[in-house]
Amino acid sequence: LDQARRERLPISDGYFEDSSGNPVERTQFEYIRDHLGYRLELQSASLPAAIRRGESASVSIRLINRGFSVMHNPRPVFIVLIDPAGNVEAFAAPAADPRRWQPYEPADATFTPVCHEITADIRIAPDCAPGMRRIGLWLPDAAEGLRADARYSVRAANRDVQWWVDASGRWGVNVIGEIEIIK
């Protein structure tokens, strides 16, 4: 850990700890293996506690790429709502482009991690049933033939972010919280 920090390498929070917070020894080979490519770590989310039916709200998610690279292929980005029955409604975040989520600015000699922000407006249908919904980030494959296969969706590196897959295996969603739909 000390050597990785001295070299200013990207380190995910908790990478050198187990699920209880106890130190874990990792070799330099494990570190390189686990950080090749991209490694997205969700930092925070800004979302309302409740939204009225027929109204809109903005949702914002901040993340850091702790890997050595960005995604090289285009990939759509969605904020999704999941009802108690497992039905999903997806809202596109068209300005988000994972190919631009650099770990740090290329010219930055300090290698300071860059925090990227995803925003999407979600509009609740007027006839939407009231109640609680899980809200999450869905990063499916861009290919139509693979989009409906959760195995090709990107999973966040954080161990405290719930990974939800529906019964059919279509949706692979990083759950970031809950939101209430009210009348």
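Located above this text is the structure these notes cover.
Now for a description of the structure that goes with this document.

Cut-off values and rules
- Going along each chain's sequence as written, the residues are numbered from 1 onward.
- Residue-level local features of this predicted model are given only where pLDDT is at least 70; pairs of side-chain atoms are given and counted only at 80 or more, and the full residue set underlies all totals for whole chains, interfaces and linings.
- Each side-chain value is worked out from all heavy atoms of the structure, with water and hydrogens disregarded.
- Secondary structure elements are defined from DSSP: runs of H or I of at least 4 residues count as helices, runs of E of at least 2 residues count as strands, and each element is numbered from the N terminus.
- A contact between two residues is defined here by any heavy atoms of the two lying within 4.5 Å.
- Partly exposed describes any residue whose relative accessible area lies between the buried limit of under 20% and the exposed limit of over 50%, with all areas from a 1.4 Å probe on protein chains only and scaled to the type maximum.
- As used in this structure description, the phrase polar contact means that two N or O atoms lie within 3.5 Å; if the pair is within protein, one of them must be able to donate a hydrogen and the other to accept it, and residues adjacent in sequence are counted only when both atoms belong to side chains.
- Note on pairing: DSSP must find at least two bridges between two strands before they are called paired.
- Patch definition: residues with relative accessible area over 30% and no salt bridge; like charges joined within 9 Å; nonpolar side chains (Val, Leu, Ile, Met, Phe, Trp, Tyr) joined within 5 Å.
- Computed with the Shrake-Rupley method and a 1.4 Å probe, the accessible areas treat only the protein chains shown as cover for residues.
- Salt-bridge detection follows one rule: a side-chain nitrogen of Lys or Arg within 4 Å of a carboxyl oxygen of Asp or Glu.
- Definition of nonpolar core: a set of buried residues of the types Ala, Val, Leu, Ile, Met, Phe, Trp, Tyr and Cys, connected through side-chain atoms within 4.5 Å.
- Each pair of aromatic rings taken from Phe, Tyr and Trp, with Trp reduced to its six-membered ring, is defined by centres within 6.5 Å and is described as stacked if the planes are under 30 degrees apart, edge-to-face if over 60, and tilted in the remaining cases.
- Neither His nor the chain ends contribute to the count of charged residues, in which Lys and Arg are positive and Asp and Glu negative.

**A look at the environment of Ala 57**
Here is step 1 of the chain: Examined against the element boundaries, Ala 57 turns out to sit in strand β3 (residues 56-65).
Here is step 2 of the chain: The spacing of Ala 57 and Leu 47 is 10 residues in sequence and 7.9 Å in space, taken between C-alpha atoms.
Here is step 3 of the chain: Non-local contacts of Ala 57, meaning those with residues more than four positions away in its chain, are made with Pro 48, Ile 51, Ala 120, Asp 121 and Ile 122.

**Some points on the side chain of Arg 75**
Here is step 1 of the chain: Of note, Arg 75 is situated in the loop between β3 and β4 (78-82).
Here is step 2 of the chain: When its relative accessible area of 17% is taken as the criterion, Arg 75 is described as buried.
Here is step 3 of the chain: A polar contact is formed between the side chain of Arg 75 and the backbone oxygen of Leu 139, at a distance of 3.0 Å.
Here is step 4 of the chain: Side-chain polar atoms of Arg 75 contact the backbone oxygen of Pro 140, separated by 3.0 Å.
Here is step 5 of the chain: Residue contacts for Arg 75: discarding those within four places in its chain leaves Pro 98, Leu 139, Pro 140, Asp 141, Ala 142, Tyr 152, Ser 153 and Val 154.

**Regarding the pairing of β4**
Here is step 1 of the chain: Of all 5 residues making up β4, 5 are buried, and the element is well covered by its neighbours.
Here is step 2 of the chain: Where burial is concerned, the two faces of β4 agree: the one with Phe 78, Val 80 and Ile 82 and the one with Ile 79 and Leu 81 are both buried.
Here is step 3 of the chain: As defined by bridge partners, β4 adjoins strand β5 (residues 88-92) across 5 bridges and the pair is classed as antiparallel. Directly across from Ile 79, in β5, lies its bridge partner Phe 91.
Here is step 4 of the chain: Two successive antiparallel strands, β4 and β5, enclose a turn made up of 5 residues, where Gly 86 displays a positive phi of approximately 90°.

**Here's the deal with a nonpolar patch on the surface**
Here is step 1 of the chain: Taken together, the side chains of Leu 9, Ile 32, Leu 36 and Phe 68 define a hydrophobic patch exposed on the protein surface, amounting to about 350 Å² of accessible area.
Here is step 2 of the chain: Mapped onto the elements of the fold, Leu 9 is located in the loop between α1 (2-6) and α2 (28-35).

**A word on the nonpolar core**
Here is step 1 of the chain: Residues Val 77, Ile 79, Trp 101, Ile 118, Ile 122 and Leu 137 are the most contacted members of the largest nonpolar core, which totals 28 residues.
Here is step 2 of the chain: Listing elements by their share of this core, those giving two or more residues are β1 (40-46), β3, β4, β6 (115-123), β7 (131-138) and β9 (172-182).
Here is step 3 of the chain: When residues in this core are grouped by element, the largest group, 4 residues, is from β3.
Here is step 4 of the chain: Look past the residues within four positions of Ile 79 in its chain and what remains in contact with it is Val 59, Ile 61, Glu 89, Ala 90, Phe 91, Ile 118, Ala 120, Ile 122, Ile 135, Gly 136 and Leu 137.
Here is step 5 of the chain: Counting 8 residues, the second-largest nonpolar core is a separate cluster that includes Phe 78, Ile 82, Trp 171 and Val 173.

**Looking at the packing of aromatic side chains**
Here is step 1 of the chain: With the rule as written, the count across this model stands at 6 aromatic pairs.
Here is step 2 of the chain: When the centroid spacing of 5.0 Å and the interplanar angle of 35° are considered together, the rings of Phe 78 and Trp 138 count as tilted. Highlighted residues: Phe 78 in strand β4 and Trp 138 in strand β7, separated in sequence by 60 residues.
Here is step 3 of the chain: The interplanar angle of 90° and the centroid separation of 4.8 Å between the aromatic rings of Tyr 104 and Phe 111 together place this pair among those described as edge-to-face.
Here is step 4 of the chain: Members of the aromatic cluster, connected to one another through ring pairs, are Tyr 15, Phe 16, Tyr 31 and Phe 68.

**Quick look at the side chain of Arg 39**
Here is step 1 of the chain: Position of Arg 39 among the secondary structure elements: in the loop between α2 and β1.
Here is step 2 of the chain: Despite being buried, Arg 39 has no salt bridge partner; Asp 34 is the closest side chain of opposite charge, sitting 5.3 Å away.
Here is step 3 of the chain: The residues contacting Arg 39, other than those within four sequence positions of it, are Ser 12, Tyr 15, Asp 34, Ile 64, Asn 65, Arg 66, Gly 67 and Ala 157.

**Observations concerning unusual backbone geometry**
Here is step 1 of the chain: At Phe 111, a residue that is not glycine, the phi angle is positive and equals roughly 55°.
Here is step 2 of the chain: Locating Phe 111 in the fold gives a position in the loop between β5 and β6.

**Details of the environment of Arg 26**
Here is step 1 of the chain: Note on placement: Arg 26 falls in the loop between α1 and α2.
Here is step 2 of the chain: Separated by 113 residues in the primary sequence, Arg 26 and Leu 139 place their C-alpha atoms 29 Å from one another.
Here is step 3 of the chain: Ignoring anything within four residues of it in the chain, the contact list for Arg 26 reads Tyr 15, Phe 16 and Glu 17.
Here is step 4 of the chain: Looking at Arg 26, its side chain comes within polar contact range of the main-chain oxygen of Tyr 15, at 2.6 Å.

So, to be careful, I would describe these as geometric facts and stop short of saying anything about function.
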